[in-house]
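Fold and contact review
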Amino acid sequence: MIGVFDSGFGGLTVQHALIEALPQRDFVYLGDNRNTPYGTKPPIDVLTLTCAGLERLFGEGCTLVIVACNTASVVALRWIQQQWLPARRREDGVPRNVIGIVVPTIEAATGLGWDEEPAAAGEAKPSSTIAVFATPRTVESGCYPIEIRKRRPDITVVQQACPELASAIEQGVPRDDIRTLVEEYVGELRRKATPDRVILGCTHYPLVAEFFAAALPRGVPIIHQPQATARALRFYLDRHPEYDAGNAGQRMFLSTGFSAEALPLIERFWGDKLPFRQA
Ligand code: DGL
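What comes next concerns the included structure. (Residues numbered from 1 in each chain as written. Predicted model: local features only at pLDDT ≥ 70, side-chain atom pairs only at ≥ 80, totals over all residues. Heavy atoms only, no water.)

**Quick look at the site of the ligand**
We count it as follows: For this purpose, a residue is taken to be near a molecule or strand whenever a single non-hydrogen atom of the residue falls within 4 Å of it. We call two N or O atoms a polar contact when they sit within 3.5 Å, provided that within protein one can donate a hydrogen and the other can accept it, with sequence-adjacent residues counted only if both atoms are side-chain atoms. Only the protein chains shown count as cover for residues, and the accessible areas themselves come from Shrake-Rupley with a 1.4 Å probe. Of the two site types, the cavity is a set of points on a 1 Å grid over the protein atoms alone where a 1.4 Å probe fits but cannot get out, and the pocket is an open set with protein on both sides within 12 Å along at least five of seven lines, each lined by residues with an atom within 4 Å of a point. Any molecule with more than half of its atoms within 2 Å of a cavity's or pocket's grid points is regarded as sitting in that cavity or pocket. All amino acids are sorted into three groups, where Ala, Val, Leu, Ile, Met, Phe, Trp, Tyr, Cys and Pro are nonpolar, Asp, Glu, Lys and Arg are charged, and the leftover types, Gly among them, are polar.
The full set close to the ligand counts 14 residues, and Ser7, Tyr38, Gly39, Thr71 and Thr203 are the nearest of them. A distance of 2.6 Å is found between a nitrogen atom of the ligand and a side-chain nitrogen or oxygen belonging to Thr203. Between the ligand and the protein, one listed contact pairs a nitrogen atom with a side-chain N or O atom of His204 at 3.1 Å. For the ligand, whose free accessible area comes to 290 Å², the fraction covered by protein is 99%. Structurally, the ligand is housed in the largest cavity. Residue composition of the shell around the ligand, grouped by class: 5 nonpolar, 8 polar and 1 charged.

**Thoughts on the layout of surface pockets**
Gaps between atoms show up when a probe of the same size as a water molecule is rolled over them. Operational definition: Grid points are joined across faces, edges and corners, and a volume is the space filled by probe spheres set on the points. Note on conventions: DSSP H or I runs of at least 4 residues are helices, E runs of at least 2 residues are strands, and numbering of each starts at the N terminus.
Taken as a whole, the largest pocket encloses approximately 870 Å³ of empty space. Secondary-structure elements contributing two or more residues to the lining of the largest pocket are helix 3 (70-92), strand 4 (97-99), helix 4 (102-110), helix 6 (143-151) and helix 10 (225-239). Per-element accounting of the lining of the largest pocket gives the leading share, 8 residues, to helix 10. Its residues assigned to classes, the lining of the largest pocket comprises 18 nonpolar, 6 polar and 6 charged. Empty space within the second largest pocket amounts to approximately 180 Å³. Around the second largest pocket sit 14 residues that line it, and Thr13, Pro206, His224, Pro226 and Phe269 are the ones nearest its centre.

**Remarks on the environment of Pro217**
Here Pro217 is to be found in the loop between helix 9 (209-215) and strand 8 (222-223). With 31 residues separating them along the chain, Pro217 and Val186 place their C-alpha atoms 9.8 Å apart.

In structure tokens:
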């Protein structure tokens, strides 16, 4: 059983791509909708809530968890991997790992593997300006510009925080209002730069990708974080048979509690009803 964790509904964009890439694997999704949004919370709260979510997923039998949430990944993942997880592994006596979505996104954005030296990459890759739309906490961490510039100093990264967007999606505010919000954020970004590629660096934003595509200059490609994560997970599982990812195509959807008003947008994206259970 593979766990997928997010602050709310956004991680379903990642879950969808994971199921498409690995249909036989067993997945349990946990959305912490009751505590969403994470993107405007103090980092210590994000850390505490993320650890609680991981415990819940370990309790469901997951030994491998994908932290789909960008905010949780940039704020909490390093500490979790270096400090928290080793103690949990010792206590449980089983292999456990928690991985995030930043690495696959950086790989997709730079065209370089995580450990690949820019000089070893062969022919020069075209420079570009990448716009990153994300939560205030993710923007403040500087994770995307720092990690991209380390590998590809020729790429310019311009960030745009979207403080109200994830909670608007979670609350199920009308589509037209969400479209207006997206237009405002894209407008703010465009006053700073003209991007030729875009990262939607929050799991919720692909749920309204059509509004981003309409507000951005025509044809600007959006780097698809869920697909990059799915590709990375497939390679990871090939290299790590010690994690029992199941083989029965089981699906379970858990939530700490959500607003029913959000469901039409979410189920429209998913293409079906979502059988959520109370976590
Ligand atoms: N899903 C989270 C992310 O990817 C953000 C949403 C929130 O603020 O909770 O950053």
